[in-house]
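Each chain, written out:
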Amino acid sequence: SQQGEEDPQALSIQEGENATMNCSYKTSINNLQWYRQNSGRGLVHLILIRSNEREKHSGRLRVTLDTSKKSSSLLITASRAADTASYFCATDFSGGYNKLIFGAGTRLAVHP
Amino acid sequence: NAGVTQTPKFQVLKTGQSMTLQCAQDMNHNSMYWYRQDPGMGLRLIYYSASEGTTDKGEVPNGYNVSRLNKREFSLRLESAAPSQTSVYFCASRTRDRAAGNTIYFGEGSWLTVV
């Protein structure tokens, strides 16, 4: 089964609202990454948080990591219609540096 | 700046046919990956190559073979295509330099339909 599981599977909000997506994983990690995928395109890296970090910011993105609960959240503040996409978390195993495993993703729809 | 380039972008195969998906990266990355993505699903790792000359199985390797031809190129072969292999295939690469942040870079995908 996949290492990372996102929640919710789908999220629909209005422009200007905040969007929060969660990711849970099963084993120890070196880092956790969030990616975005526009429909029909490849994935684009958004942000990486290392296992010894608890929170990280990048523009309108805020990522938290709770290693005791094996979970992470991605917050997009003041969402825009252009944020409409699927968002995936990916975990980098502690025991296998090269084996980056993705979750099933959250489909975000931001309505004007 | 090409990044990760995959070919072909679209392919229709008949059951039992074989084909090879090609991938090349120009970022001097050590590690390369092949993922598949089924409709509405996340990416599942098929095979990866930590460095030139090595390959390892991922989550769903059955029905596939790979070749790390050189540092730039990593191909994925379907020896006898099955309808269950209808999917979008993504090639990706990244550096092994942890200080560089471990970001993985993706190609634009190859849409494969097996009929």
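Rules of the game
- Residues numbered from 1 in each chain as written.
- Chains lettered and ligands numbered in written order.
- Predicted model: local features only at pLDDT ≥ 70, side-chain atom pairs only at ≥ 80, totals over all residues.
- Heavy atoms only, no water.
- Helix = DSSP H or I, 4+ residues; strand = E, 2+ residues; numbered from the N terminus.
- Rg over C-alpha atoms; globule rule 2.2 N^0.38 Å.
- Buried < 20%, exposed > 50% of the residue type's maximum accessible area, 1.4 Å probe, protein only.
- Areas by Shrake-Rupley, 256 points an atom, 1.4 Å probe, with all protein chains shown as cover.
- Lys, Arg positive; Asp, Glu negative; His and termini not counted.
- Charge placed at Lys NZ, Arg CZ, Asp CG, Glu CD.
- Phe/Tyr/Trp six-rings, centres within 6.5 Å; stacked < 30°, edge-to-face > 60°.

A. Local environment of the overall build of chain B. Across its full length, chain B holds 0 helices and 11 strands. Mapped from its N terminus to its C terminus, chain B presents α and β elements in the order β-β-β-β-β-β-β-β-β-β-β. Against the 2.2 N^0.38 benchmark of 13 Å for 115 residues, chain B shows a C-alpha radius of gyration of 14 Å, consistent with a compact globule. Considered along the principal axes of its C-alpha atoms, chain B spans approximately 45 × 30 × 25 Å. The 115 residues of chain B split such that 49% are buried. Accessible area of chain B: about 5,200 Å², with a carbon and sulfur share of 49%. Charge centroids of chain B, computed over 12 positive and 9 negative side chains, lie 3 Å from each other.

B. The packing of aromatic side chains, seen in detail. This model, assessed by the stated rule, comprises 10 aromatic pairs over all chains. Geometrically, the ring pair formed by F102(A) and Y35(B) is edge-to-face, given 5.3 Å between the ring centres and 90 degrees between the ring planes. Taken together, the residues F102(A) in strand 10 (residues 100–102) and Y35(B) in strand 4 (residues 31–37) connect one chain to another. Accessibility expressed as a relative area gives 0% for F102(A), which makes it buried. Note on Y35(B): relative accessible area 0%, which makes it buried. Taken together, Y35(A), F102(A), Y33(B), Y35(B), Y48(B), F90(B) and F106(B) form an aromatic cluster joined through their ring pairs.

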